[in-house]
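# Residue-level structure breakdown
In case you want the letters, here they are:
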Amino acid sequence: MRAIWKGAVSFGLVSIGVKVYSATEEKDIRFHQVHREDGGRIRYKRTCSVCGEEVTYDDIAKGYDIGGGEMVILTDSDFADLPLSTSHAIDVLEFVPAEQVDPILYNKAYFLEPEGSATKPYVLLRDALSDSERVAIVKVALRQREQLATLRVREGVLLLNTMLWPDEIRRPDFGFLDEDLKVRPPELAMASSLIDSMAGEFEPDAFTDDYRAALQEVIDAKVEGREVVQPEEEEAAPAAAVDLMAALKASVERARAARGEAPSGGGAEPTPISSARSAKKAAKKAPAKKAEPAKKTTAKKAPAKKPAAKKAEPAKKTAAKKAPAKKKTA
């Protein structure tokens, strides 16, 4: 790792020289913009919107838009007069319980390494922080900006977490917050049961970035000139449930089944999961319904027997007429 900043932690009358290193790194796969036809890199020129000339970095200054098309230009000399431009101190302000710091305030993390002969006071501050179970609230000037931060211990190293200022946190403004929505006690109890059934210990290594792995596979396949193996499709997410209790019960049973636990019910009453399985079995037998058109055809053919019966009636009448002829013969 390469140090990005050097300074000192001011702890009362004690000054601890430190080097600052980035504690995190993004693993995103980065791309260049290229010409689709020949793969050439796309370059952008820094041009002035007024004169149209290309501008070098030496001729670029910072401008603050005050509205109405007016711009205030600040040069390097303007920033040099600010007290933070050369400040390399991490001033400890107070020590507070860690749970009092809302995680939404955390921004970036940096490791602190003791520099030169500052190892002993560094270890002293580290051990004192660990014993107190508190974090140090500090102010530090990084990248020409004063920032609020915390100091805490992680794996035997002081960790500096820069924080956002309170006025940089947005307030949620959503319509449903003003609605009078009430949750029924049984629903709340079932939701709590779902949380209990899915409770566990957080192990970050158990989770992976599946998208990044699949994208890397596509890139490797193109480099090696082979076909990309399509990953198995995941089951589609279930549609929005109308019955909230049924959805919660099904979720609890699924979580218990994933843990290898027995279902909560005694088996007499079907659960939403067993009902869903029964529905799936019924869906598999659904093609038998195609036989219905055959019944309709049979029903249509039935009337054909009636004309046959009507034809037989004249035969009876003929037999009746012939009867008197027999009498005459007698």
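Please read all numbers here as calculations on a predicted model, not as lab measurements.

### Re the overall build of the protein
- A tally of helices and strands in the protein yields eight helices and nine strands.
- When the 330 residues of the protein are sorted by exposure, 16% land in the buried category.
- Pairs at least 24 residues apart make up 58% of the contacts formed inside the protein by residues separated by at least 6 positions.
- With an accessible surface of roughly 27,300 Å², the protein has 54% of that area assigned to carbon and sulfur atoms.

### So, the side chain of Gln147
- Residue placement: Gln147 occurs in strand 8 (residues 146–154).
- Using a relative accessible area of 10% as the deciding quantity, one classes Gln147 as buried.
- The residues contacting Gln147, other than those within four sequence positions of it, are Val138, Lys139, Val140, Leu142, Thr162 and Trp165.

### As for helix 4 (residues 210–224)
- Along its 15 residues, helix 4 runs 21 Å from first to last C-alpha, staying within 8% of the 21 Å computed at 1.5 Å per residue.
- The N-cap residue of helix 4 is Asp209: its side-chain oxygen and the backbone nitrogen of Tyr211 are 3.3 Å apart.
- At the exit of helix 4 stands Gly225, carrying a positive phi of roughly 70°.

### A look at the packing of aromatic side chains
- Following the criterion strictly, the structure yields three aromatic pairs and no others.
- Plain terms: the ring middles of Phe11 and Phe95 are 6.0 Å apart, the flat faces sit at 80° to each other, and that makes the pair edge-to-face. You can see Phe11 sitting in strand 1 (residues 5–11) and its partner Phe95 sitting in strand 5 (residues 89–97), a full 84 residues away along the chain.
- On the basis of relative accessibility, which here comes to 26%, the residue Phe11 falls in the partly exposed class.
- Between Phe174 and Phe176 the ring centres are 6.3 Å apart and the planes differ by 20°, which places this aromatic pair in the stacked class.

### A few points about the packing of helix 3 (residues 185–197) against helix 5 (residues 244–258)
- Packing of helix 3 against helix 5 brings their axes to within 9 Å, and their N-to-C directions diverge by 20°. Taken together, the axes of helix 3 and helix 5 lie roughly parallel to each other. In terms of crossing hand, the pair formed by helix 3 and helix 5 is left-handed. Note on element contacts: helix 5 touches helix 3 through Leu244, Met245, Leu248, Lys249, Ser251, Val252, Ala255 and Arg256, opposite Pro186, Glu187, Met190, Ala191, Ser193, Leu194 and Ser197.

### Looking at the sheet that holds strand 9 (residues 157–163)
- Spatially, seven strands are ordered 1-2-6-9-8-7-5 in a closed barrel, and the strand pairing comes out mixed. Taken pair by pair, the neighbouring strands of this sheet meet at an average axis angle of 40°, ignoring direction.
- By the bridge criterion, six bridges tie strand 7 (residues 134–141) to strand 8 in an arrangement that is antiparallel. Its bridge partner being in strand 8, Val138 is matched across the sheet by Ala149.
- Sitting on the sheet, helix 2 (residues 119–132) is in contact with strand 1, strand 2 (14–22), strand 5, strand 6 (106–114), strand 7, strand 8 and strand 9, with an inclination near 70° to strand 9.

### Some thoughts on the pattern of salt bridges
- Counted by the stated rule, this structure contains eight salt bridges.
- A salt bridge links Lys139 to Glu146; the nearest nitrogen and oxygen atoms lie 4.0 Å apart.
- Taking the relative accessible area as the measure of exposure, Glu146 reaches 32% and is therefore partly exposed.

### As for the nonpolar core
- In this structure, Val9, Ile90, Leu112, Val138, Leu151 and Leu160 are the most contacted members of the largest nonpolar core, which totals 21 residues.
- Every element with two or more residues in this core is listed here: strand 1, strand 2, strand 5, strand 6, helix 2, strand 7, strand 8 and strand 9.
- Counting residues in hydrophobic clusters, the runner-up holds seven residues, among them Val96, Val101, Val135 and Met163.

### Points about the confidence of the model for the protein
- In the predicted model, the protein carries a mean pLDDT of 78, and the fraction of residues at 70 or more is 73%.
- Across residues 266–276 the pLDDT falls below 50, and counting only partners more than four positions away or on other chains, this stretch makes eight contacts in the model.
- The model gives residues 288–330 a pLDDT under 50, and that stretch makes zero contacts with residues more than four places away or in other chains.

### Comments concerning helix 5
- Taking 1.5 Å as the rise per residue, helix 5 with 15 residues should run 21 Å; its terminal C-alpha atoms sit 21 Å apart, in good agreement.
- After helix 5 finishes, the residue Gly260 shows a positive phi value of roughly 80°.

### A short note on the environment of Val20
- In this structure, Val20 sits in strand 2.
- Placed 17 residues apart in sequence, Val20 and Ala3 show a C-alpha to C-alpha distance of 5.4 Å.
- When neighbours within four sequence positions are excluded, Val20 is seen to be in contact with Ala3, Ile4, Trp5, Tyr110, Phe111 and Leu112.

What counts as what
- Residues numbered from 1 in each chain as written.
- Predicted model: local features only at pLDDT ≥ 70, side-chain atom pairs only at ≥ 80, totals over all residues.
- Heavy atoms only, no water.
- Helix = DSSP H or I, 4+ residues; strand = E, 2+ residues; numbered from the N terminus.
- Buried < 20%, exposed > 50% of the residue type's maximum accessible area, 1.4 Å probe, protein only.
- Contact = heavy atoms within 4.5 Å.
- Areas by Shrake-Rupley, 256 points an atom, 1.4 Å probe, with all protein chains shown as cover.
- Expected span 1.5 Å × (residues − 1).
- Polar contact = N/O pair within 3.5 Å; in protein donor to acceptor, adjacent residues only side chain to side chain.
- Phe/Tyr/Trp six-rings, centres within 6.5 Å; stacked < 30°, edge-to-face > 60°.
- Axes fitted to C-alpha atoms, helices over the stretch in contact; angles between N-to-C directions.
- Parallel < 35°, antiparallel > 145°, perpendicular 65-115°, else oblique.
- Left-handed = near helix turned anticlockwise from the far one by under 90°.
- Pairing = 2+ DSSP bridges.
- Salt bridge = Lys/Arg side-chain N within 4 Å of Asp/Glu carboxyl O.
- Core = buried A, V, L, I, M, F, W, Y, C linked by side-chain atoms within 4.5 Å.
- pLDDT = per-residue confidence, 0-100.

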